[in-house]
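Chain residues, written in single-letter form:
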Amino acid sequence: MNFRVALVVPDQRVSCESGSKTYWNDHCRYEDLEAACHDDQIDLVVLPEQYSEGLPGDEMEEWAIGEWFEYLKVPVLMGFKSKEGFQIAIYVNPNSSRSETRLHRYVKHSSADQLAFEWPGYAGSSDAMFDPVVVGEARIGVQVCHDMFYGLIGHRLRHRGANLHIVLSGRDVHRRKWSNVLAGRSLELKAPFLCTMAKCGETGSARALAFDQGRQLLPAVSMVNSEGFAGFEVFDLGDRHLEPPHRQSSSDMRYRDISISRNPSVCADIHFNPRSGKISLKGRRELDSVDKWRVFRTTAGPAGVLTLPIDALHDGLAVHRHDVRPSSFAHHIVAYVGEPHDLDEAITLTKLRAIEHRVAVLLAGNATWECIKTTRYKYIQRLRPRNGVFNLNAECLGGTASALAGRGVLGIPRRHFDKYRALRLHEEES
């Protein structure tokens, strides 16, 4: 794909007269950005979530054209917050060809005052906001910030033909957490996944992030400060250079709430016993099954275990096919059985599954024995087995429904769960 994307990471803390040249150069190195666009070095400029706010919805495209496109002369994708509280991504390209997108609007589905489910005329899985933005060879699936944590959105975009995904985030983030999701999505959706954001506070990281094949994509041009913001970076998708895969370190934390063993001689709540090259599941105190989940009584409460073949690790819909009611059992464990072809790739996807579904994830093969779960803030814990036993704490194992719901405006309210689940591809579509 011959396509060059400039991810702008502005410093929103700059407090100068907005019309001054000094402001714009300290803000995002605007003069360099404009020069690169005019020199045909950039095909798309991307600005973060909520870059502008307070405009009526019907004026956003006009503002993006008048304030950015008319000066840069290249397509622009940027974030707005409407007066009503919707977080919206707007794409403009008045010079589009007949086969390209001229205007596009995507409304955020999570973590906002007003969500896409409440957008006037929202048509669910058939809504035009899931159509890819077409520009040159790129078919861009657009998302806003936390939406990338909810995989059904990305799958809907991919089904519509997206071969590139771009996420607009609003402010400083925890870099490793964001990177874990972006890396996993780039593998799952088999396409580059790019994200930009803005520097707004004194803590956290604000920088351009880009991943392909689970690995970080290096910029062709970097015009940012030493901390990664107050400028822009250009990613050339026709000449991709990837960093080596990130190696997740193991946690030294010790827990005792739920024990999982593959050593039959060790007492544990749940056993995975190798038999004839396969793994069979056996718990000391098994309760009635729920769908495909086998349920075991533990001192921390009932724990459900879903076993899937290792090849299902790449399938972002596999766990969704077995979503259960939150009250079915307290703790959720998903085991992918078999040997992965590439352990680094498998770990990358395992981290994504743990974050998206709020489950403990096992890689259970004859040689491979891994367990990954998250903390309350979605930081990854790669647990270390002791005598073949993983000991888990009983936090952050509430399953997909608990991962959807958040506090305050975070996440997706329960009243919209069914609308979100309706974005799932039917088997005949996939």
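It should be noted that the structure appears before, not after, this text.
This one's a predicted model, so the numbers in the text were calculated from it and none came from an experiment.

Engineer: Is there a simple way to explain the overall build of the protein chain in this structure?
Structural biologist: Secondary structure summary: the protein chain contains 8 helices and 24 strands in total. Against the 2.2 N^0.38 benchmark of 22 Å for 430 residues, the protein chain shows a C-alpha radius of gyration of 23 Å, consistent with a compact globule. Buried positions account for 56% of the 430 residues belonging to the protein chain. Taking as baseline every contact in the protein chain between residues at least 6 positions apart, the subset at least 24 positions apart corresponds to 66%. Of the roughly 18,100 Å² that the protein chain leaves accessible, carbon and sulfur atoms contribute 45%. Of the charged side chains in the protein chain, 54 are positive and 54 negative, and the gap between their average positions amounts to 10 Å.

Engineer: So what exactly am I meant to see when it comes to the pairing of strand S19 (residues 303–309) here?
Structural biologist: Regular strands place their side chains on alternate faces of the sheet. With 5 of its 7 residues buried, S19 lies for the most part within the structure. Two elements, strand S18 (residues 294–296) and S19, share 3 bridges in a ladder whose sense is antiparallel. By the bridge assignment for S19, Val295 is matched with Gly304. With 7 bridges connecting them, S19 and strand S20 (residues 331–337) associate as parallel partners.

Engineer: What am I meant to see in the sheet that holds strand S23 (residues 380–382) here?
Structural biologist: Hydrogen bonds between backbone atoms are what pair the strands of a sheet, whose relative direction is either parallel or antiparallel. The mixed open sheet is built from 6 strands, whose spatial order is S18-S19-S20-S21-S22-S23. In this open sheet, the two edge strands, each paired with only one partner strand, are S18 and S23. With strand direction ignored, the average angle separating the axes of adjacent strands in the sheet is 25°. Pairing geometry for S20 and strand S21 (residues 360–364), over 5 bridges, is parallel. What sits directly across from Ile333, in S21, is Ala360. Taken strand by strand, helix H6 (residues 343–357) contacts S20, S21, strand S22 (369–374) and S23, and its axis lies near 35° from that of S22.

Engineer: It is not clear to me how helix H4 (residues 151–159) should be interpreted in this structure. Could you clarify?
Structural biologist: Because an α-helix completes one turn every 3.6 residues, residues spaced three or four positions apart along the sequence face the same direction. Buried residues dominate H4, accounting for 7 of its 9 residues. Regarding H4, the residues found buried are Gly151, Leu152, Ile153, Gly154, His155, Arg156 and Leu157. Close packing links the buried residues of H4 with strand S6 (103–107), strand S8 (138–144), strand S9 (164–168), helix H5 (175–188), H6 and helix H8 (417–421). Within two residues after H4, Gly161 carries a phi angle of roughly 115°, on the positive side.

Engineer: Whenever I open this one, the pairing of strand S10 (residues 193–196) confuses me. Can you help?
Structural biologist: Side chains of S10 alternate between two faces, with Phe193 and Cys195 and Leu194 and Thr196 buried alike. When S9 meets S10, the two strands line up parallel, connected through 4 bridges. Each residue of the ladder has a partner; that of Ile166, found in S10, is Leu194. Chirality of the crossover, the property in question, places the unit of S9, H5 and S10 among those that are right-handed. Here S10 runs beside strand S11 (residues 209–212); their pairing, made up of 3 bridges, is antiparallel. Pairing of Cys195 across the sheet is with Leu209, part of S11.

Engineer: Please clarify how the packing of helix H2 (residues 30–38) against helix H3 (residues 60–72) should be interpreted in this entry.
Structural biologist: Two packed helices can be described by the angle between their axes and the distance between those axes. At a minimum axis separation of 9 Å, H2 and H3 run at an interaxial angle of 55°. In terms of axis orientation, H2 runs oblique to H3. In this structure, H2 contributes Tyr30, Leu33, Glu34, Cys37 and His38 to the contact, and H3 contributes Trp68, Tyr71 and Leu72. In the contact of H2 with H3, the residues fall into 6 nonpolar, 1 polar and 1 charged.

Engineer: Explain the nonpolar core here, please?
Structural biologist: Across soluble globular proteins, you tend to see nonpolar side chains buried next to one another. Membership of the largest hydrophobic core comes to 117 residues, with the highest contact counts inside it found for Val5, Leu33, Trp68, Ile140, Ile166 and Tyr336. Those residues in contact with Val5, other than ones at most four positions away along the chain, are Leu44, Val46, Leu164, Ile166, Leu194, Glu233, Val234, Phe235 and Leu237. Within the second largest apolar cluster, 21 residues are counted, among which are Ile270, Ile333, Ala364 and Leu397.

Engineer: What is the right way to read the environment of Arg384 from this model?
Structural biologist: With respect to the secondary-structure elements, Arg384 resides in the loop between S23 and strand S24 (389–392). Classification of Arg384 as partly exposed rests on a relative accessible area of 37%. Along the chain, Arg384 and Gly151 lie 233 residues apart, while their C-alpha atoms are 28 Å from each other. Those residues in contact with Arg384, other than ones at most four positions away along the chain, are Ser250, Ser251, Asp252, Val389 and Phe390.

Engineer: Before we go on, may I ask you to explain the sheet that holds S11 in this structure?
Structural biologist: Ordered by their spatial adjacency, 6 strands build an open sheet running S7-S8-S9-S10-S11-S12, and the pairing between neighbours is mixed. At either margin of the open sheet sits one strand with a lone partner, and together these are strand S7 (133–135) and strand S12 (215–216). Bridge count between S11 and S12: 2 bridges; the pairing is antiparallel. Looking across to S12, one finds that Phe211 is bridged to Gln216. Of the strands in this sheet, S8 and S9 touch H4, which is tilted by about 160° from S8. This element, H5, spans S10, S11 and S12 of the sheet and lies at about 30° to S11.

Engineer: How should I be thinking about the pattern of salt bridges in this particular structure?
Structural biologist: Side-chain pairs of opposite charge can arise where the charged atoms are in close proximity. Enumeration according to the criterion identifies 24 salt bridges in this entry. Among the ionic pairs, Glu188 bridges to Arg185, the shortest N-O distance being 3.0 Å. Of this pair, Glu188 and Arg185 both sit in helix H5, 3 residues apart, which is roughly one turn of the helix. Comparing Glu188 with Arg185 shows no difference in burial state: the two are buried. Put simply, Glu356 and Arg353 hold a salt bridge, and the shortest N to O gap is 4.0 Å. Of the two residues, Glu356 and Arg353 both sit in helix H6, 3 residues apart, roughly one turn of that helix. Looking at Glu356, the relative accessible area reads 4%, which means it is buried.

Reading guide: rules and limits
- Residue positions are given per chain, counted from 1 along the sequence in the order it is written.
- Totals for whole chains, interfaces and linings use all residues, but because this is a predicted model, local features are given only for residues with pLDDT of at least 70 and pairs of side-chain atoms are given and counted only at 80 or more.
- Computation of side-chain values: all heavy atoms of the structure, hydrogens and water removed.
- Secondary structure is summarised from DSSP: a helix means a run of H or I of at least four residues, a strand means a run of E of at least two, and numbering begins at the N terminus for each.
- Here the radius of gyration uses the C-alpha set of atoms, whereas the globule reference equals 2.2 Å times the residue count to the power 0.38.
- Three exposure classes are used, based on accessible area relative to the maximum for each residue type with a 1.4 Å probe and protein chains only: buried under 20%, partly exposed in between, and exposed over 50%.
- We call two residues in contact whenever any of their non-hydrogen atoms come within 4.5 Å of each other.
- Working definition of accessibility: Shrake-Rupley area with a 1.4 Å probe, residue cover restricted to the visible protein chains.
- Two residue types count as positive, namely Lys and Arg, and two as negative, namely Asp and Glu; His and chain ends fall outside the count.
- To locate a charge, take NZ of a lysine, CZ of an arginine, CG of an aspartate or CD of a glutamate.
- At least two bridges found by DSSP between two strands are what make those strands a pair.
- Axis definition: a line fit to C-alpha positions, over the contact stretch in the case of helices; interaxial angles, taken between N-to-C directions, run 0 to 180 degrees.
- Handedness rule for crossovers: strands pointing away from the viewer, path from the first strand over the helix to the second running clockwise, crossover right-handed.
- Any angle that falls under 35 degrees is termed roughly parallel, while one over 145 is termed roughly antiparallel, one within 65 to 115 roughly perpendicular, and all others oblique.
- Three classes are used: nonpolar for Ala, Val, Leu, Ile, Met, Phe, Trp, Tyr, Cys and Pro, charged for Asp, Glu, Lys and Arg, and polar for all others, with Gly counted as polar.
- Among buried residues, those of type Ala, Val, Leu, Ile, Met, Phe, Trp, Tyr and Cys that are joined through side-chain atoms within 4.5 Å constitute a nonpolar core.
- Salt bridge, as applied in this entry: a Lys or Arg side-chain nitrogen positioned within 4 Å of an Asp or Glu carboxyl oxygen.

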